[in-house]
Amino acid sequence: MNKQQRIKKNTEFQRIFKKGKSFANRQFIVYVLKNDQPEFRVGLSVSKKVGNAVTRNRIKRYIRQTFLELKDDVLPNADYVIIARQQAANLDFHESKKSLEHVLKIARALPRK
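One structure accompanies this document, and this report is about it. These figures come from a predicted structure and were not determined experimentally. (Residues numbered from 1 in each chain as written. Predicted model: local features only at pLDDT ≥ 70, side-chain atom pairs only at ≥ 80, totals over all residues. Heavy atoms only, no water.)

Digging into the packing of aromatic side chains
Then step 1. Under the definition given, this model contains 6 aromatic pairs.
Then step 2. Aromatic side chains Tyr-62 and Phe-93 sit 5.7 Å apart centroid to centroid with 65 degrees between the ring planes, which places their arrangement in the edge-to-face category. Here Tyr-62 is found in helix H2 (residues 53–69), whereas its partner Phe-93 is found in helix H3 (residues 93–106), with 31 residues between them in sequence.
Then step 3. Between Phe-67 and Tyr-80, the ring centres sit 5.7 Å apart and the planes meet at 50 degrees, which makes this aromatic pair tilted. Taken together, the residues Phe-67 in helix H2 and Tyr-80 in strand S4 (residues 78–84) connect sequence positions 13 residues apart.
Then step 4. Classification of Tyr-80 by relative accessible area gives buried; the value is 0%.
Then step 5. Put simply, the rings of Phe-13, Phe-17 and Tyr-31 pair up and form one aromatic cluster. (Phe/Tyr/Trp six-rings, centres within 6.5 Å; stacked < 30°, edge-to-face > 60°. Helix = DSSP H or I, 4+ residues; strand = E, 2+ residues; numbered from the N terminus. Buried < 20%, exposed > 50% of the residue type's maximum accessible area, 1.4 Å probe, protein only.)

Worth remembering: the numbers are spatial, not functional.
Here it is, written out as structure tokens:
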């Protein structure tokens, strides 16, 4: 994911939390806020409660890779903030991708197949 596809600033996170809609399952919470930009943007949040630095970075890598693989299917004109819950620490890549796809389908960010 390139720099234009990342959400880094706290003000942007807060705007998405306040104005966006949230969808969740046991492993992830997804906030979605529609915008008029041509590309989607993703912000990641993994708390220290989830695990140590190695675990948190692994979860973030899994989320980034999932969005990279789904980039053609995900709604392009939206901002996404993904919050990982503690159960996400126990998943391997395929399980986490499946769980993230499930939440994105609930959020109607992915077409149902």
